[in-house]
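Residue-level structure breakdown
Next come the chains, spelled out residue by residue.
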Amino acid sequence: MHWPIQPVEIQRRFVPRFCPRRDCPRHNPDSRGTFVFKRVGSYSRRNGRRVPRYRCRACGKTFSKQAFAVSYFLKRPELLVPVFAGLQAGSGHRQLARSLGCAPSTVTRLAARLGRHALLLSATALVELGELGEGLVTDHFESFVRAQDYPVGIATVVGKSSWFVYGLDPAPHARTGKRSAFQEVKRKARPPQPTRGGITGSMTRVLDALLHFFPKNSAIELTTDGHMSYAQALRKTRFRDRFRHTGYPNPKRGPKGAPRSQAARVRDRAMLPVDTLHGLLRHSECHHRRETIAFGRRTNAILERLYLASAWRNFVKGVSERRPDPTTPAMKLKLTTEPWTWERVLARRLFPGRLLLPESWLEVYRREWITPGGPNSPHQLTLAY
């Protein structure tokens, strides 16, 4: 995977390869010819570092070297790495703000920026991979958004042998189980949650994204837990000959501490990569634990945090927790040759206009998954005015 070792800010022999402005014809990756630019001076930052400026010969507009850094337009770029590490360690926004000496809103904005960067990094890795060389294991990770009346399942696609996280997709759905009279009154007072097809719609978006990134694969091996919604999505005409599906239904478990049945052992062995990821997420992210009130406030914010976790899982963290083996999932896929640091994950800025993203990924990047009653939702705006 072509990725710089040092951040753009400290690279001495930096040469722009394209114009960072979206309306420039030289910004598109399909543009032909050599990118021509002209050096037009520099400016000084607070730390004394000189930042060179350039002029694009195609659009005539100027830009600086800072436009290619993840810390572009930030007053405190030194917060990026500690916020990244703190969020992955399970710290809350206010806890990080107290320890770093900044406002909680600053941490919230940085979390959104880092999540979108991690999404584009995952897309870049899949584009570099080109062709899928292993089977995939898929299951939905259950959580809540804002309240228990808004459950959401997050589809997680994990490599069977590499344990690489290939993608995420939300599946809001109706709440299940019994509710008390007070909970029923609270549920009716809240606006309904748009499901966008529920688990079936989420699985359909996952399959479309896999075909988008891996069009060369004639048949992708897919393992699930036998949920009926998965089979319903796979029956669509465009998926029939492109996936080889194997389902392992969840067997009925006995009381706590009882030995597992043979069917349970077979299922757990087949779903181990995705079950391990879910356990790691519940251990690392406090708002995804079973007994908690620290729910995420927006579906999009949960996805951004999970894309951060996937970047950490794919490029920074070793596959095993118990063995002293630093091999990462990206190293198993030959995308990288060594584990990355936080600084290297944030080495350069990625542009969505230069990547052909699936529509479902673009919706996450544009922050179009909004929870009813949450910040920026139509219901909340109506109440405010």
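Just so you know, these numbers come straight off a predicted model, no measurement behind them.

Okay, the environment of Pro172 next. When you line up the elements, Pro172 lands in strand 6 (residues 165–172). Note: C-alpha distance between Pro172 and Glu338 (166 residues apart in sequence) is 37 Å. Beyond its immediate chain neighbours, meaning those up to four positions away, Pro172 contacts Pro151, Val152, Gln193, Pro194, Thr195, Gly198 and Trp369.

Right, let's get into the packing of aromatic side chains. Throughout the structure, instances matching the rule amount to 18 aromatic pairs. When the ring of Phe35 is compared with that of Phe63, the centres are 6.4 Å apart and the planes differ by 35°; the resulting orientation is tilted. Pair noted here: Phe35 is in the segment before strand 1 (37–44) and Phe63 is in strand 3 (residues 62–64), with a separation of 28 residues, a long-range link. As far as the burial class goes, Phe35 and Phe63 line up, both buried. With a centroid separation of 5.2 Å and an interplanar angle of 70°, the aromatic rings of Phe164 and Tyr166 are classed as edge-to-face. Like Tyr166, Phe164 is buried. Cation over ring: Arg196 sits above Trp369, and NZ or CZ is 3.9 Å from the ring centre. Above the ring of Tyr72, the side-chain terminus of Arg349 is found at 3.8 Å from the ring centroid.

Spatially, 1-2-3 is the arrangement adopted by the three strands of the open sheet, whose pairing is antiparallel. Pairing within the sheet leaves two strands with one partner each, and these edge strands are strand 1 and strand 3. Taking each pair of neighbouring strands and ignoring which way they run, the sheet shows an average axis angle of 30°. Across three bridges, the pairing between strand 2 (residues 50–56) and strand 3 is antiparallel. When the sheet's bridge partners are listed, Arg53 is paired in strand 3 with Ser64.

Rolled over the atoms, a probe as big as a water molecule pinpoints where empty space is left. All chains considered together, the criterion is met by two cavities of 30 Å³ or more. What the largest cavity holds in volume is close to 90 Å³. As for the largest cavity, its lining consists of 13 residues, of which Tyr166, Gly167, Val206, Ala209 and Trp361 are closest to the centre. Per-element tally for the lining of the largest cavity: the top contributor is helix 5 (residues 198–213), with five residues. Considering only residue class, the lining of the largest cavity consists of nine nonpolar, two polar and two charged. In this model, the second largest cavity occupies a volume close to 40 Å³. Thr156, Val165, Leu168, Leu277, Leu281, Leu306, Ala309 and Ser310 together form the lining of the second largest cavity. Elements with a contribution of two residues or more to the lining of the second largest cavity: strand 6, helix 8 (272–284) and helix 9 (299–316). Here the lining of the second largest cavity gets three residues from one element, more than from any other, and that element is helix 9.

About the cut-offs
Residues numbered from 1 in each chain as written. Predicted model: local features only at pLDDT ≥ 70, side-chain atom pairs only at ≥ 80, totals over all residues. Heavy atoms only, no water. Helix = DSSP H or I, 4+ residues; strand = E, 2+ residues; numbered from the N terminus. Contact = heavy atoms within 4.5 Å. Phe/Tyr/Trp six-rings, centres within 6.5 Å; stacked < 30°, edge-to-face > 60°. Buried < 20%, exposed > 50% of the residue type's maximum accessible area, 1.4 Å probe, protein only. Lys NZ or Arg CZ within 6 Å of the ring centre and 35° of its normal. Pairing = 2+ DSSP bridges. Axes fitted to C-alpha atoms, helices over the stretch in contact; angles between N-to-C directions. 1 Å grid on protein atoms, 1.4 Å probe; cavity = no way out; pocket = protein on both sides within 12 Å on 5 of 7 lines; lining within 4 Å. Points joined across faces, edges and corners; volume = space filled by probe spheres on them. Nonpolar A, V, L, I, M, F, W, Y, C, P; charged D, E, K, R; others polar.

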